[in-house]
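Structure at a glance
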Amino acid sequence: MATSTLKKRITMAIVAPALALGATVGLASAPASAAVWSSCDQWGSTTLNGYTLYNNIWGSGAGSQCIWANSGTNWGVNANHPGTGGIKSYPNAKKVINKSITSLGSLSSSYNVTVPSSGAYNTSYDIWDTNYDYEIMLWVNKTGAVGPLGTSQGTLTLGGHTWTVYKGNNGSNDVFSFVRTSNSSSGTVNILPILKWIKDTKGWFGNVTIGDLQFGFEITSSSGGLDFTVNSESVTSS
């Protein structure tokens, strides 16, 4: 549902001031178990074993959220965002690819998550070219009143999953959303064929260089405080 401008995409790599959220972000608590790293800061971030983690509370009307990590591929958040419309946050782990589509021999990712049965959110990959002109979202599960930007382009089986594909523009960049037709909490996505389908079959972009590959939770509401956990994740490319 990528409707905001530079939101989670650049994912506040430039750490911005806390602004109006500063008073509320610190109210959530980190997990009781000791983690390697945790933060309740709006733009809290760190790098662990090649992945950059972001708390990334970017939306208006957000509540509190804390992120914790045992590693770059085992992390989670406790989020307490009000039951109002609009995306509040996209906590995520980012891997930088920096290869053009034609120079990639492979690009895939495996995931295993534990997500709540209530609230409104999606679990998604957010993939960007280095110029941030194009955003490719892969939704592996969703709950509540959430939906992708743009219009449906039909259903497609590709990369090991069946998706409904949406094409839209948020005013700053084109957005291509692949929404899995049934929810999944674990699996492997072969990402390169999806990128090649967009480039070669549809011609929606050319031989762009893939920069950020993010995986996380796009949270609209999580009233009362809900836990989202990445039990494991891996990104491999060649």
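In this text the structure is predicted, and so the values were computed from the model without any measurement. Along each chain, numbering runs from 1 in the same order as the chain's sequence is written. Given that the model is predicted, a residue must reach a pLDDT of at least 70 before its local features are reported, and side-chain atom pairs must reach 80 or more before they are shown or counted; all residues, however, enter totals for whole chains, interfaces and linings. Here the side-chain values reflect all heavy atoms present in the structure, with hydrogen atoms and water set aside.

Our next topic: the overall build of the protein chain. Under the scheme used here, helices are H or I runs from DSSP no shorter than 4 residues and strands are E runs no shorter than 2 residues, and both carry numbers assigned from the N terminus. Within the protein chain, the secondary structure is distributed over three helices and 15 strands. A 1.4 Å probe rolled over the protein chains alone gives each residue an accessible area, and that area as a share of the maximum for its type sets the label: buried under 20%, exposed over 50%, partly exposed in between. Out of the 238 residues belonging to the protein chain, those deemed buried represent 53%. All accessible areas in this document rest on Shrake-Rupley with a 1.4 Å probe, and a residue is counted as covered only by the protein chains that are shown. Here the protein chain has roughly 8,900 Å² of accessible surface; of this, 49% comes from carbon and sulfur atoms.

As a further point, take the sheet that holds strand β14 (residues 209-221). The mixed open sheet is built from nine strands, whose spatial order is β2-β3-β6-β14-β8-β9-β12-β11-β10. Unpaired on one side and paired on the other, β2 (45-48) and β10 (151-158) mark the two borders of the sheet. Between one strand axis and the next, the sheet turns through 25° on average, direction left out of account. A pair of strands counts as paired when DSSP detects no fewer than two bridges linking them. Relative to strand β6 (residues 92-100), strand β3 (residues 51-54) runs antiparallel, the two sharing three bridges. Considered in β6, the bridge of Leu53 is made with Ala93. Here the axes come from fitting lines to C-alpha atoms, over the contacting stretch only for helices, and the angles between their N-to-C directions go from 0 to 180 degrees.

On to the state of the cysteines, then. A covalent bond bridging the sulfur atoms of two cysteines is what the word disulfide describes. Count a disulfide wherever a pair of cysteine sulfur atoms falls within 2.5 Å. Evaluation of the coordinates by the stated rule reveals one disulfide. Across the disulfide, Cys40 is cross-linked to Cys66 (sulfur-sulfur distance 1.8 Å). Handedness of the Cys40-Cys66 disulfide follows from its S-S torsion of about 105°: it is right-handed. Residue Cys40 is found in the loop between β1 (37-39) and β2, and its partner Cys66 is found in strand β4 (residues 64-71); the two are separated by 26 residues along the sequence. Here the two residues Cys40 and Cys66 agree in accessibility, since each one is buried.

With that settled, consider the side chain of Ser89. Tracing the backbone through its elements, the reader meets Ser89 in the loop between β5 (74-80) and β6. Assessed through its relative accessible area of 0%, Ser89 is described here as buried. Of the polar contacts made by the side chain of Ser89, one reaches the side chain of His81; its length is 3.5 Å. Throughout, a residue-residue contact means that at least one pair of heavy atoms, one from each residue, lies within 4.5 Å. Ignoring anything within four residues of it in the chain, the contact list for Ser89 reads Asn56, Ile57, Trp58, Gln65, His81, Phe217, Glu218 and Ile219. What qualifies as a polar contact is a pair of N or O atoms within 3.5 Å, subject to a donor-acceptor requirement within protein and to the restriction that residues adjacent in sequence count only when both atoms come from side chains.

Right, let's talk about the pairing of strand β12 (residues 174-180) for a bit. With five of seven residues buried, β12 lies mostly within the body of the structure. Pairing analysis gives seven bridges linking strand β11 (residues 161-169) to β12, with the strands arranged antiparallel. Of the residues in β12, the one forming a bridge with Trp163 is Arg180. The loop that links β11 with its antiparallel partner β12 comprises four residues; one of these, Gly171, has a positive phi angle of about 100°.

Taken in spatial order, the six strands line up as β1-β4-β5-β15-β7-β13 in an open sheet, and their pairing is antiparallel. In the strand order of this sheet, the two ends are held by β1 and β13 (186-190), each with one partner. Sheet twist, expressed as the mean angle between neighbouring strand axes with direction ignored, is 20°. Where helix α3 (residues 191-202) meets the sheet, it contacts β7 (107-114) and β13, and its direction lies at approximately 45° from that of β13.

Take the pattern of salt bridges next. When the charged atoms of two side chains lie near each other, side chains of opposite charge can form a pair. We define a salt bridge as a side-chain nitrogen of Lys or Arg found within 4 Å of a carboxyl oxygen belonging to Asp or Glu. Counted by the stated rule, this structure contains two salt bridges. Here Asp212 and Lys94 are joined by a salt bridge, their closest N and O atoms 3.9 Å apart. Residue Asp212 is found in strand β14, and its partner Lys94 is found in strand β6; the two are separated by 118 residues along the sequence. Residue Asp212 shares its accessibility class with Lys94, and that shared class is buried. Among the ionic pairs, Lys199 bridges to Asp200, the shortest N-O distance being 2.7 Å.

Moving on, we come to α3. The span one expects for a helix is its residue count, reduced by one, times 1.5 Å. Compared with an ideal rise of 1.5 Å per residue, which puts twelve residues at 16 Å, α3 spans 16 Å between its outermost C-alpha atoms and is within 8% of the ideal. For α3, the complete set of buried residues consists of Ile191, Leu192, Ile194, Leu195, Trp197, Ile198 and Lys199. Just downstream of α3 lies Gly203, where phi reads positive at about 70°.

Within the fold, Asn131 resides in the loop between β8 (120-129) and β9 (134-143). Residue classification places Asn131 among the exposed residues on the basis of a relative accessible area of 56%. For the pair Asn131 and Thr209, spaced 78 residues apart in sequence, the C-alpha separation works out to 8.3 Å.

From the geometry alone we can't say anything about function, so treat these as descriptive.
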